[in-house]
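Spelled out, the chains give:
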Amino acid sequence: MKNFIACLALAGMAQLAVAADAPASSPIINKVANCIGCHGIPGYKASFPEVYQVPMIGGQSAKYIESALQAYKKGERKHPTMRGIASSLSDQDIADVAAYYSQQK
Ligand code: HEC
């Protein structure tokens, strides 16, 4: 089971590495493309590491989203998928996606 999770995490990072090649001025949609697969689907549950309710982040305050992502990045929050994702985001990316999601309804 551990290996399976590591595999998924690696696959996710490879995908993110590709996304990171986009120009710095890439539109916000490229930065959030990775999030849409899990967040933003009503009632969606991630299937690893266990069945997990994926929280809705659209419409939450930018400050809240930003501090949550920073907490994953620093390891204060433990969810392995979100840690992998947050640690691949720069502080600017985090500020951008936080602003983007706070505009969502
Ligand atoms: C593979 C599925 C998946 C992807 C992709 C994903 N997330 Fe998450 N996210 C989750 C899950 C599951 C949680 C709940 C984890 C927990 O309880 O700590 C979560 C939690 C969060 C939280 C905290 C929400 C709260 O109310 O505490 C934020 C903010 C967040 N994600 C933002 C993002 C952003 C921004 C992206 C894209 C850059 C992203 N996520 C991509 C599954 C995902």
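All residue numbers refer to positions counted from 1 along the written sequence of the respective chain. Per-residue local features are limited, in this predicted model, to residues with pLDDT of at least 70; the limit for side-chain atom pairs, both in listing and counting, is 80 or more; totals at the level of whole chains, interfaces and linings are taken over all residues.

Draft legend 1. Seen up close, the overall build of the protein. Strands are runs of DSSP state E lasting at least two residues, helices are runs of H or I lasting at least four, and both sets are numbered from the N terminus onward. Helices and strands together make up the secondary structure of the protein, namely five helices and two strands. Overall, the protein shows an N-to-C arrangement of helices and strands of α-α-β-β-α-α-α. Think of it as a crowd count around each C-beta: if 20 or more other C-beta atoms lie within 10 Å the residue is buried, if 12 or fewer it is exposed, and in between it is partly exposed, with C-beta placed from the backbone throughout. Taking all 105 residues of the protein together, 13% fall into the buried category.

Draft legend 2. Inspection of the site of the ligand at higher detail. Working rule for contacts: place C-beta from the backbone, and if it is within 6 Å of a molecule or strand, that residue counts as near it. Surrounding the ligand, one finds 20 residues, the nearest of these being C35, C38, P55, A68 and H79. Counting residues per element, the ones that place at least two in the shell around the ligand are α2 (28-36), α3 (62-74) and α4 (80-87). Only Asp, Glu, Lys and Arg are considered charged, only Ala, Val, Leu, Ile, Met, Phe, Trp, Tyr, Cys and Pro nonpolar, and every remaining residue, Gly among them, polar. Here the residues of the shell around the ligand sort into 14 nonpolar, five polar and one charged.

Draft legend 3. Summary view of helix α5 (residues 91-103). Residue count minus one, scaled by 1.5 Å, sets the expected span of a helix. For α5, spanning 13 residues, the distance from its first C-alpha to its last is 19 Å, which sits close to the expected 18 Å at 1.5 Å a residue. Buried residues of α5: I94, V97, A98 and Y101, and no others. The arc that holds every buried residue of α5, seen down its axis, measures 105 degrees, which confines them to one face. Opposite its buried face, α5 presents the exposed residues Q92 and Q103, each directed more than 90 degrees away. Any two residues are considered in contact once their C-beta atoms, placed from the backbone, lie within 7 Å. On its buried face, α5 is in contact with α2 and α3. The arc under discussion is defined with respect to the helix axis, by the directions toward the C-beta atoms.

Draft legend 4. Broad picture of the environment of I94. Position of I94 relative to the elements: it lies in helix α5. In this structure I94 comes out as buried when scored by C-beta crowding, with 21 C-beta atoms within 10 Å. For the pair I94 and K31, spaced 63 residues apart in sequence, the C-alpha to C-alpha distance is 9.2 Å. Excluding anything up to four places from it in sequence, I94 contacts E66, L69, Q70 and L89.

Draft legend 5. Fine view of the packing of α2 against α5. Look at α2 against α5: their axes get within 10 Å of each other, and the N-to-C directions meet at 80 degrees. It follows from the interaxial angle that α2 and α5 lie roughly perpendicular. For the pair α2 and α5, the contacting residues are I28, K31, V32 and C35 in the first and D93, D96, V97 and Y100 in the second. Split into classes, the residues belonging to the contact of α2 with α5 amount to five nonpolar, no polar and three charged. Between N-to-C directions, angles cover 0 to 180 degrees, with each direction set by a line fitted to C-alpha atoms, over the stretch in contact for helices. Note that the term roughly parallel is reserved for angles under 35 degrees, roughly antiparallel for angles over 145, roughly perpendicular for angles of 65 to 115, and oblique for everything else.

Draft legend 6. Broad picture of the nonpolar core. I57, I65, L69, Y72, M82, I85, A86, L89, I94, V97, A98 and Y101 form the largest nonpolar core, which has twelve residues in total. Residue assignment for this core shows that the elements contributing at least two residues are α3, α4 and α5. Examining the composition of this core, we find that four residues originate from one element, α5, more than from any other. Filtering out sequence-adjacent residues up to four positions away, Y101 remains in contact with I57, G58, Q60 and I65. Residues of type Ala, Val, Leu, Ile, Met, Phe, Trp, Tyr and Cys that are buried and joined through C-beta atoms within 7 Å form what is called a nonpolar core.

No statement about biological role is implied by the geometric values presented.
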